[in-house]
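# Survey of secondary and tertiary structure
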Amino acid sequence: MTRGTTSFVDWLSKRLKKAGLRRIFGVPGGGTSLDLIYAMRNQNIDSVVTAREDAAVIMAGVSGVLSHGPGVAFTTKGPGLASATNGLASASLDRLPALLISEAFGEKELEFLSHQVFSQTDLIEPLLKKGRGSVLAPAINAVENWLEQPAMVPAVMFPSSSDLQAQINHTPEPQAQSTPTAPDVGSAKTLLDGAKSPVVVIGLEAARSICTSELREFVNQLGAPVLCTYMAKGCVADTDPHFAGLFTGGAIEQDCMNSADLIVLIGLDPVELIRKPWAYTAPILDICKRIYDPHYFTPTFRVAGPLDLTLHTLAKTISASTWQLDTIANFKAGFIRGMEQGGSAGLSSASVVKAVLDHFSGTPRLAVDAGAHMFSACAFWPAKAPNDLLISNGLASMGFAVPAAIAAALHEPERGAIAITGDGGFLMCLGELNTAAETKANITVVVFNDGCLSLIDTKRKDRQMPDLGLSWTPPDFAAIARGFGFQAWRINDPSELDEALGEAAQSTGPRLVDIRIDSSGYREQLLALRG
C-alpha cells in the first residue's frame with residue numbers, strides 16, 4: 001500500500017470527488033476560499049459563484065440530495081458566513097447534506113481586530129444542532145466520519161490557510177464492508193397482521209434513502225392507502241393505485257386517516273408536520289431511521305434502522321390488508337377535489353400549475369417555494385420518483401425554489417428544472433437569475449405574481465385585522481429577467497398563457513414566465529387543506 005504526501009486541501013478535493021462531488025457553490029473571499037476553488041478545479045470540480053451565500057448552501061445541499069453524496073458551499077468570514085445562515089438553517093431542518101467551508105480569523109488577528117468579528121462557531125452551532133450537524137476539524141478523520149454516516153448531515157469547517165496547505169501523509173485504507181444486522185420486526189409484524197385497514201404515511205427519510213424498491217414492495221404487499229408528505233412525494237408514484245394524496249397534518253387527509261385501524265409511518269420526520277397536535281387515535285407503527293425528540297406522539301411500536309432492510313424483511317412476511325383499490329381511489333379523488341377549491345379562475349394557482357404541466361413534456365424536476373402557491377404545485381405536479389419535487393418543508397423557507405431549481409438543472413441538464421415561486425420569495429433571491437444566466441442553467445422560473453404576501457394576508461383577513469401593508473405594486477419580472485439574458489414572457493390575461501408556456505417549453509436555457517396570478521381562491525383552498 002502506497003503512502004502519499006499531499007496537502008490537506010488537495011486530499012479533500014480528491015476525496016470529495018470520489019464521493020461524487022461535481023461542483024461547489026458560494027461567494028468567495030480573498031483567502032482560503034480561493035485556495036479551495038483552485039484545488040477543486042484541479043480535480044475538474046466546477047465552482048459556481050452565486051449572488052448570495054444562503055442560496056449557495058441550498059444549491060450545495062440539493063446537489064448532495066440528488067447525487068446521494070456530499071454538497072459543498074464556500075464563503076468568506078464575517079458577513080459572508082452571516083449571510084449563509086438561512087441556508088444552513090435549511091440544510092439542518094430540510095436534512096440537506098451540505099458542507100459549508102468558511103474562511104476564519106487567525107488567532108493573532110483577534111488580538112487586535114474587531115472589524116467584522118463575531119464568534120462564528122457560536123452563530124452556526126445552534127443551527128447545526130437542529131440537524132445533528134457539527135463543526136468539522138480540518139482533518140482526514142473528521143471528513144471521513146462525516147462522509148460515512150448512514151444519513152449525511154450538514155457541517156461547517158473553518159480551515160486556516162496553514163490547515164489547507166498542511167502536508168499530510170495519507171495511506172488509503174481499504175473500506176470495511178459492514179453488513180447491517182437484520183432488525184427485529186416481530187412486534188411490527190404482529191401489529192400488521194392484526195390490522196385490517198392500515199394506512200401508510202411516508203416521510204422525508206424515505207426520500208433521503210435509497211430504499212424505493214423495498215418501499216414499493218412493502219406497499220404492494222400490504223395493499224393499503226399511502227399518503228406522502230410534501231418532501232416524500234414520489235416515493236410512491238402519483239400513478240400508483242395505492243397513492244391516496246398528501247399528508248399535511250391538516251384536514252384534507254382526515255377521511256383516509258380516520259379509516260385506519262393502524263397507522264404505519266415510514267421515515268416520517270416530525271420536522272415536516274404543521275403546528276397542530278397529532279389528531280389520530282389509531283395505534284402507530286413507526287418505521288424510521290432515527291428517533292426524534294421531541295415528537296408528536298409515542299408510537300405503539302418503533303423499528304429504528306435502515307429503511308431498506310426493515311421494509312424488505314417485513315414485505316416477505318406480511319399479509320395483504322382488506323382495502324379495495326376503488327376505496328383508495330375515492331380517497332385520492334377527495335384529495336384532488338379539495339385542492340381544486342377556489343381554482344376555477346383562468347389564472348388561479350391550480351389552473352396555472354396544470355397548464356405548465358400540459359406544456360412541459362418529460363416532466364422536468366420541480367422546485368417549489370414556500371407560500372400559498374405551494375399547495376397547488378405539490379398537489380397537481382406528478383412525481384414518479386423521490387425528489388422529483390423539491391421543497392423546503394422543514395424550515396419552510398421562502399427563497400428556496402430558484403436556488404434549488406438551478407442546482408437540479410445543473411445536476412441533470414437534459415431534464416432541466418422548473419421553479420414555481422411567489423413574488424415575495426422571488427424577490428428574496430432575484431440575484432440568482434445571474435447565477436442561472438452565467439451557468440446557462442436549463443431552468444424555467446414561473447412567478448406567481450400577485451403583489452402580495454398572499455398566505456400571510458389570508459391569515460390577516462381571518463383575524464379581521466385592517467390592511468397592514470402586505471401588498472405592493474407588482475414588478476415586471478419579465479423585464480428584469482431579460483436584463484439578465486433570460487427569455488421571458490409576461491402574462492396578464494388567461495388568453496396569453498398557453499402561447500407563452502408553449503414557447504417556453506420549446507426553448508432551453510434560462511427562461512422566466514411572469515404570471516399575474518388570481519389569488520382570490522387561496523383562502524378556500526387553504527380551508528380545504530388545513531381546516
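Further up the page is the structure itself.
To start, this report covers the structure provided alongside it.

Rules of the game
- Residues numbered from 1 in each chain as written.
- Predicted model: local features only at pLDDT ≥ 70, side-chain atom pairs only at ≥ 80, totals over all residues.
- Heavy atoms only, no water.
- Phe/Tyr/Trp six-rings, centres within 6.5 Å; stacked < 30°, edge-to-face > 60°.
- Helix = DSSP H or I, 4+ residues; strand = E, 2+ residues; numbered from the N terminus.
- Buried < 20%, exposed > 50% of the residue type's maximum accessible area, 1.4 Å probe, protein only.
- Lys NZ or Arg CZ within 6 Å of the ring centre and 35° of its normal.
- Core = buried A, V, L, I, M, F, W, Y, C linked by side-chain atoms within 4.5 Å.
- Salt bridge = Lys/Arg side-chain N within 4 Å of Asp/Glu carboxyl O.
- Axes fitted to C-alpha atoms, helices over the stretch in contact; angles between N-to-C directions.
- Parallel < 35°, antiparallel > 145°, perpendicular 65-115°, else oblique.
- Contact = heavy atoms within 4.5 Å.
- Nonpolar A, V, L, I, M, F, W, Y, C, P; charged D, E, K, R; others polar.
- Polar contact = N/O pair within 3.5 Å; in protein donor to acceptor, adjacent residues only side chain to side chain.
- Pairing = 2+ DSSP bridges.
- Right-handed = clockwise from strand over helix to strand, strands pointing away.
- Disulfide = S-S within 2.5 Å.
- Left-handed = near helix turned anticlockwise from the far one by under 90°.

Applying the stated criterion to the full structure yields six aromatic pairs. Pairing F426 with F477 gives two aromatic rings, centres 5.0 Å apart and planes at 75°, and the pair type is edge-to-face. Here F426 is found in helix α18 (residues 423-428), whereas its partner F477 is found in helix α21 (residues 477-483), with 51 residues between them in sequence. Each member of the pair F426 and F477 is classed as buried. By the ring-pair criterion, three or more aromatic residues cluster together here, those being F247, W278, Y280 and F297. Across from the ring centre of F105, 5.6 Å away, lies the NZ or CZ of K77, which sits over that ring. When the ring centre of F380 is taken as reference, the NZ or CZ atom of K354 above it lies at 4.7 Å.

Moving on: the nonpolar core. Ranked by size, the top nonpolar core spans 95 residues in total, and within it I202, F218, I263 and W278 carry the most contacts. Top element by residues in this core is helix α16 (residues 374-380). It accounts for six residues.

Right, let's get into the pattern of salt bridges. Scanning the entire structure with this criterion turns up 15 salt bridges. The residue E103 makes a salt bridge to K77 at a minimum N-O spacing of 3.7 Å. Here the residue E103 occupies a position in the loop between β5 (98-102) and α6 (120-130), and K77 occupies one in the loop between β4 (71-75) and α4 (79-83), the gap between them amounting to 26 residues. For E103, a relative accessible area of 3% gives the class buried. Salt-bridge contacts for R415 lead to D388; the nearest nitrogen and oxygen are separated by 3.0 Å. Placement of the pair is R415 in the loop between α17 (401-411) and β17 (417-422) and D388 in the loop between α16 and β16 (389-391), with a sequence separation of 27 residues. A residue is classified by how much of its surface remains accessible, and R415, at 23% relative accessible area, is partly exposed. Judged by its relative accessible area of 8%, D388 falls in the buried class. Ionic contacts of the salt-bridge type, sharing partners, join the residues D457, R460 and K461 into one network.

Where α17 meets helix α19 (residues 432-439), the axes come as close as 10 Å, and the angle between the chain directions of the two elements is 10°. Between α17 and α19, the crossing angle belongs to the class labelled roughly parallel. Contacts between α17 and α19 involve V402, P403, I406 and L410 from the first element and E432, T435, A436 and T439 from the second. Taken together, the residues of the contact of α17 with α19 sort by class into five nonpolar, two polar and one charged.

A few words on the side chain of R95. Structurally, the position occupied by R95 is in the loop between α5 (85-93) and β5. In terms of polar contacts, R95 uses its side chain to reach the side chain of D269, at 2.6 Å. Not counting the four nearest positions on each side in its chain, R95 is found in contact with V65, S90, K130, G131, L204, R208, D269, V271 and Y292.

In this section: the pairing of strand β19 (residues 487-491). Relative to strand β20 (residues 511-515), β19 runs parallel, the two sharing five bridges. Each bridged residue has a counterpart across the sheet, and for I491 the counterpart in β20 is I515. Crossover β19 to β20 through helix α22 (residues 497-506) is right-handed.

In this section: the environment of G64. Tracing the chain through its elements places G64 in helix α3 (residues 53-67). Taking the C-alpha atoms as reference, G64 lies 9.2 Å from M152; in sequence the two are 88 residues apart. Look past the residues within four positions of G64 in its chain and what remains in contact with it is G69, P70, G71 and P97.

Quick look at the sheet that holds strand β2 (residues 23-27) now. Taken together, six strands build an open sheet; the order of strands is β3-β2-β4-β5-β7-β6 and the sheet is parallel. The sheet is open, and its two edges are formed by β3 (46-49) and β6 (134-136), each paired on a single side. Adjacent strand axes in the sheet meet at a mean angle of 25° when their direction is disregarded. In terms of strand pairing, β5 meets strand β7 (residues 155-157) through three bridges, oriented parallel.

Mapped onto the elements, I274 comes out in the loop between β12 (262-266) and β13 (284-288). For the pair formed by I274 and G394, sequence separation is 120 residues and the distance between their alpha carbons is 9.5 Å. Not counting residues within four places of it along the chain, the set of residues in contact with I274 comprises T248, G249, G250, Y296 and R530.

It is worth spelling out the state of the cysteines at this point. Summed over all chains, the structure comprises zero disulfides. The structure places no disulfide on C288, whose sulfur is separated from the nearest cysteine sulfur, that of C211, by 12 Å. Residue classification places C288 among the buried residues on the basis of a relative accessible area of 1%. Unpaired in this structure, C452 has its nearest cysteine sulfur neighbour in C429, at a distance of 18 Å.

Where α5 meets α6, the axes come as close as 7 Å, and the angle between the chain directions of the two elements is 20°. It follows from the interaxial angle that α5 and α6 lie roughly parallel. Crossing handedness for the pair α5 and α6: right-handed. Contacts between α5 and α6 involve T85, L88, A89, S92 and L93 on the former and, on the latter, L123, I124, L127, L128 and K130.

Moving on, we come to helix α7 (residues 140-147). Counting buried residues in α7 gives six out of eight residues, a clear majority hidden from the surface. Regarding α7, the residues found buried are I140, A142, V143, E144, W146 and L147. Residues of α7 that are buried make contact with α1 (8-18), β4, β5, β6, β7 and β8 (167-170).

Take unusual backbone geometry next. Cis geometry marks the peptide bond from D293 to P294, where omega comes out at 5°. With respect to the helices and strands, the residue P294 is situated in the loop between β13 and β14 (301-304). Positive phi is not limited to glycine here, since R132 has a value of about 60°. Mapped onto the fold, R132 is located in the loop between α6 and β6.

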